[in-house]
Amino acid sequence: MGSLTSAADGSLLRHRSFVAFWLARTCSSFGFQMFSVAVSWQIYSLTNSAMALGMIGLMQFLPSVLLALPAGHLADQFDRRRIVLLGQLVEWGALLALVALTLFNWADKTAIWSLVFLIAVAKALEWPALSSMLPALVPPQILARATAANAVGGQAAVIIGPTLGGLLYVAGPDVVYGVSALFYLFSLLLVSRIRYERPPQTRLPMNLTNLFAGVHFIRERKDVLGVISLDLFAVLLGGATALLPIFAKDILHTGPWGLGMLRGAPSVGALVVGVWLSRHKLEKHVGMIMFGAVAGFGVATLIFALSSQLWLSLLALAALGAFDMVSMVIRGALVQLDTPDDMRGRVNAVNAIFINTSNQLGEFESGMLAAWLGAVPAAALGGIGTLVVVALWMTLFPHLRKRQRLENDPVVPQATKTGQQAG
């Protein structure tokens with residue numbers, strides 16, 4: 001059945017620019033995951049300070065939020081491929097600097113924080129341009145499959161990258177940084193081979209109206225508003241994975257190996273489902289499938305919260321990752337297809353703010369709730385809250401609930417004029 005689908009819709013492998021794009025994203029994801037492991041170990045080895053570790057997160061979080069809107073504006077105004085190349089060139093250079101600092105024993109926490117911040121700035125500027133390139137590399141009919149294939153590469157990096165980085169760290173952090181830089185170099189070469197062309201764009205000033213044009217567009221397009229806000233609140237309430245150390249130690253009575261399995265289970269579930277989605281097209285009822293997947297995410301969270309057996313907890317987390325992958329692929333493809341090309345950078349920037357904020361705040365909310373009520377009630381309430389959000393959103397966004405196909409709704413022409421009127 002999969003081969004028939006591929007024959008009818010066209011294989012992703014036939015689109016050479018997409019293959020280069022996929023390989024580039026996978027390489028950079030592997031490099032970043034390895035870098036993340038090494039920099040955490042190195043900073044803790046130098047300082048023995050939990051606060052110093054927390055600063056790494058802060059250095060990465062601030063640029064992702066503060067620079068998102070300007071980055072989205074740049075992605076809609078200038079050559080997106082060049083923006084991605086520039087961002088990855090900066091990241092590659094920062095990794096080489098980490099290699100040099102470590103080799104010559106010049107690395108201290110301030111220098112490492114500074115380079116982490118530089119990498120985060122480059123990634124923040126690169127992301128809206130990178131994510132906005134995908135719809136131009138494949139036909140609309142297979143964009144969801146391309147989105148799933150991208151997610152598979154990212155999940156593989158999440159699963160394998162930290163392990164590979166940890167093994168290489170035995171030889172020293174400079175070795176990990178060097179291999180990470182090599183992955184980024186491969187990514188740079190691959191991005192340079194992507195054929196990506198856009199007509200010249202009308203230059204618009206970087207004023208508040210143009211910066212917030214993505215917010216205005218999302219507010220006007222009810223389906224886009226529905227999927228982005230659904231993700232925001234579902235992730236905000238369903239952040240049980242932040243409590244995994246508590247569940248592993250106090251409820252499941254397992255050690256570090258069990259915690260590692262629990263952390264990896266959602267990625268395994270997401271990887272399996274992502275491979276399937278990359279080979280099969282979602283033909284109809286995409287709105288209900290998306291709501292069903294988010295509801296499944298909530299149920300899986302609830303099962304995990306109530307489980308006292310390691311095997312059941314692992315299955316629940318794998319199901320959680322699988323359901324999340326389904327909804328993520330549908331949400332991602334729908335947002336891209338409902339957004340005109342000259343707005344994709346700014347819309348993807350707003351989406352990135354929501355994703356980053358919901359992930360961080362979701363972990364904070366779960367931690368605070370667990371401190372007040374305990375880990376099991378906190379996780380259970382998160383699962384129940386996700387189900388309530390799904391029911392509420394199905395009522396608030398009836399057109400999204402009834403939506404049949406990802407690409408069936410034409411974009412409203414007036415929405416594309418938002419930025420131009422501001423000029």
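This is a predicted model, so every value here is computed, not measured. (Residues numbered from 1 in each chain as written. Predicted model: local features only at pLDDT ≥ 70, side-chain atom pairs only at ≥ 80, totals over all residues. Heavy atoms only, no water.)

Let's shift gears to the overall build of the protein. Along the protein, the regular secondary structure elements total 19 helices and zero strands. Whereas a compact globule of 423 residues would reach a radius of gyration of roughly 22 Å, the protein reaches 21 Å, a difference of no more than 12%. Structurally, the protein occupies a C-alpha span of about 55 × 50 × 45 Å along its principal axes. Here the protein, with 423 residues, has 51% of them falling under the buried criterion. Taking the contacts inside the protein whose residues are at least 6 apart along the sequence as the reference set, 88% of them involve residues at least 24 apart. Carbon and sulfur atoms form 68% of the exposed surface of the protein, whose accessible area is close to 19000 Å². In the protein, which carries 29 positive and 21 negative side-chain charges, the distance between the mean positions of the two groups comes to 5 Å. (Helix = DSSP H or I, 4+ residues; strand = E, 2+ residues; numbered from the N terminus. Rg over C-alpha atoms; globule rule 2.2 N^0.38 Å. Buried < 20%, exposed > 50% of the residue type's maximum accessible area, 1.4 Å probe, protein only. Contact = heavy atoms within 4.5 Å. Areas by Shrake-Rupley, 256 points an atom, 1.4 Å probe, with all protein chains shown as cover. Lys, Arg positive; Asp, Glu negative; His and termini not counted. Charge placed at Lys NZ, Arg CZ, Asp CG, Glu CD.)

On to the packing of aromatic side chains, then. Scanning the model with the defined rule gives seven aromatic pairs in all. Geometrically, the ring pair formed by Phe247 and Phe304 is tilted, given 4.6 Å between the ring centres and 40° between the ring planes. With a gap of 57 residues between them, Phe247 in helix 12 (residues 244–251) and Phe304 in helix 14 (residues 286–306) connect regions that are remote in the sequence. Of the two residues examined, Phe247 and Phe304, each falls in the buried class. By way of ring pairs, the aromatic residues Phe32, Phe35 and Tyr177 are connected into one cluster. Lying over the aromatic face of Phe32, Lys123 brings its terminal NZ or CZ to 4.6 Å of the ring centre. (Phe/Tyr/Trp six-rings, centres within 6.5 Å; stacked < 30°, edge-to-face > 60°. Lys NZ or Arg CZ within 6 Å of the ring centre and 35° of its normal.)

A full pass over the atoms with the stated rule returns eight salt bridges. One salt bridge in this structure joins Asp76 and Arg346, with 2.7 Å as the shortest N-O distance. Taken as a pair, Asp76 in helix 4 (residues 68–77) and Arg346 in helix 16 (residues 344–373) lie far apart in primary sequence, 270 residues in all. The same class applies to Asp76 and to Arg346, which are both buried. Note that Arg403 and Asp338 form a salt bridge whose closest N and O atoms lie 2.9 Å from each other. (Salt bridge = Lys/Arg side-chain N within 4 Å of Asp/Glu carboxyl O.)

Here we take up the packing of helix 10 (residues 213–220) against helix 11 (residues 222–237). Any two packed helices are characterised by the angle at which their axes cross and by the distance between the axes. Between helix 10 and helix 11, the shortest axis-to-axis distance is 5 Å and the interhelical angle comes to 105°. Classified by the interaxial angle, the pair formed by helix 10 and helix 11 is roughly perpendicular. Together, Phe217, Ile218, Arg219 and Glu220 of helix 10 and Lys222, Val224, Leu225 and Ile228 of helix 11 make up the contact between the two elements. Looking at the contact of helix 10 with helix 11, its residues break down into five nonpolar, no polar and three charged. (Axes fitted to C-alpha atoms, helices over the stretch in contact; angles between N-to-C directions. Parallel < 35°, antiparallel > 145°, perpendicular 65-115°, else oblique. Nonpolar A, V, L, I, M, F, W, Y, C, P; charged D, E, K, R; others polar.)

What follows deals with the packing of helix 11 against helix 15 (residues 310–338). With their axes 10 Å apart at the nearest point, helix 11 and helix 15 run at an angle of 150° to one another. The orientation of helix 11 with respect to helix 15, classified from their angle, is roughly antiparallel. By crossing handedness, the relation of helix 11 to helix 15 is classed as left-handed. Between helix 11, through Asp223, Val224, Val227, Ile228 and Asp231, and helix 15, the contact on the second element is made entirely by Arg331, Leu334, Val335 and Asp338. In terms of residue class, the contact of helix 11 with helix 15 is made up of five nonpolar, no polar and four charged. (Left-handed = near helix turned anticlockwise from the far one by under 90°.)

This part covers a nonpolar patch on the surface. A contiguous nonpolar patch, built from Val158, Ile159, Ile160, Leu164, Val268 and Val272 and spanning about 440 Å² of accessible area, is present on the exposed surface. Mapped by element, the contributors of at least two residues to the nonpolar patch are helix 7 (143–169) and helix 13 (256–279). In terms of residue count, helix 7 provides more of the nonpolar patch than any other element does, four residues in total. Considering the arrangement of structural elements, one finds Val158 in helix 7. Looking at Val158, the relative accessible area reads 34%, which means it is partly exposed. (Patch = residues over 30% accessible without salt bridge, like charges linked within 9 Å, V, L, I, M, F, W, Y side chains within 5 Å.)

The topology assignment puts Asp223 in helix 11. There is a polar contact of 3.1 Å between the side chain of Asp223 and the side chain of His399. (Polar contact = N/O pair within 3.5 Å; in protein donor to acceptor, adjacent residues only side chain to side chain.)

A few words now on the nonpolar core. Within the largest apolar cluster, 64 residues are counted, with the highest numbers of intra-cluster contacts made by Phe18 and Leu406. Of all the elements, helix 15 adds the most residues to this core, at eight residues. In this structure, Ala52, Ala94, Val116 and Tyr169 belong to the second largest nonpolar core, which totals 26 residues. (Core = buried A, V, L, I, M, F, W, Y, C linked by side-chain atoms within 4.5 Å.)

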